[in-house]
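Survey of secondary and tertiary structure
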Amino acid sequence: MVMLCVSYQPEEKTCFQFAIKLVYFLLSTLSLITCLLAVAFVAHHYSQITQFSCDAILDSCQCKLDTSDPLSRTFVYQDVSDCTSVTGTFNLYLLLQMVLNLITAIVCLLACFVMWKHRYQVFFVGVRLHSLTGTEIQQQKV
């Protein structure tokens, strides 16, 4: 949105335009890293919740990763009478969050790619890649 307010100069001739593009690229990169971390965090919790075995005790739901291990970590969900909401509904929310964060990460990656390509992969028409020979130089002088 800010880029639309800056009058466009070709090849970034204004300092303000360069600063806005740099901040845009850095924020897109930071957003990409944040979204990927969020996907990893949600994927870890999703993998743990799928291995839970839960029991309803009084007005709470107690879940363990390994029921045979007495030292296994116990997760207590207060005011949850139905344990299927922890193992079923919560899994769907985690999957939805994972997919949305992945889509956002792809959008941020595309934004970074477009900025990078626009800045560093511009090919100019008419630039020669080979050196001129003596006869070509004489022909150009005529």
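In this report, the structure presented in the accompanying data block is examined. Computed from a predicted structure; not experimentally measured.

Reading guide: rules and limits
Residues numbered from 1 in each chain as written. Predicted model: local features only at pLDDT ≥ 70, side-chain atom pairs only at ≥ 80, totals over all residues. Heavy atoms only, no water. Pairing = 2+ DSSP bridges. Helix = DSSP H or I, 4+ residues; strand = E, 2+ residues; numbered from the N terminus. Axes fitted to C-alpha atoms, helices over the stretch in contact; angles between N-to-C directions. Disulfide = S-S within 2.5 Å. Buried < 20%, exposed > 50% of the residue type's maximum accessible area, 1.4 Å probe, protein only.

1. With respect to the sheet that holds strand β1 (residues 53-57)
Spatially, the 3 strands line up as an open sheet ordered β1-β2-β3, and their pairing is antiparallel. The sheet terminates laterally at β1 and β3 (74-78), the two strands that pair on one side only. Strand-to-strand twist across the sheet, computed as the mean angle between neighbouring axes with direction ignored, equals 20°. As paired strands, strand β2 (residues 60-64) and β3 are joined by 5 bridges and run antiparallel to one another.

2. Section: the state of the cysteines
Counted under the stated rule, the structure contains 2 disulfides. Residue pairing for Cys54: its cysteine sulfur links by disulfide to Cys63, the two sulfurs lying 2.1 Å apart. Judged by the sign of its S-S torsion, about 105°, the bond between Cys54 and Cys63 is right-handed. Overall, Cys63 belongs to the buried group, its relative accessible area being 0%. Each sulfur of the disulfide joining Cys61 and Cys83 lies 2.1 Å from the other. Taking the sign of the torsion about the S-S bond as the criterion, the disulfide between Cys61 and Cys83, at about 130°, is right-handed. Of this pair, Cys61 sits in strand β2 while Cys83 sits in the loop between β3 and α3 (84-120); the two residues are 22 residues apart in sequence, bridging distant segments of the chain. Among the residues examined, Cys61 registers a relative accessible area of 0% and is labelled buried. Its relative accessible area of 12% is what places Cys83 among the buried residues. Across the protein chain, the disulfide pattern expressed with sequentially numbered bonded cysteines is 1-3, 2-4.

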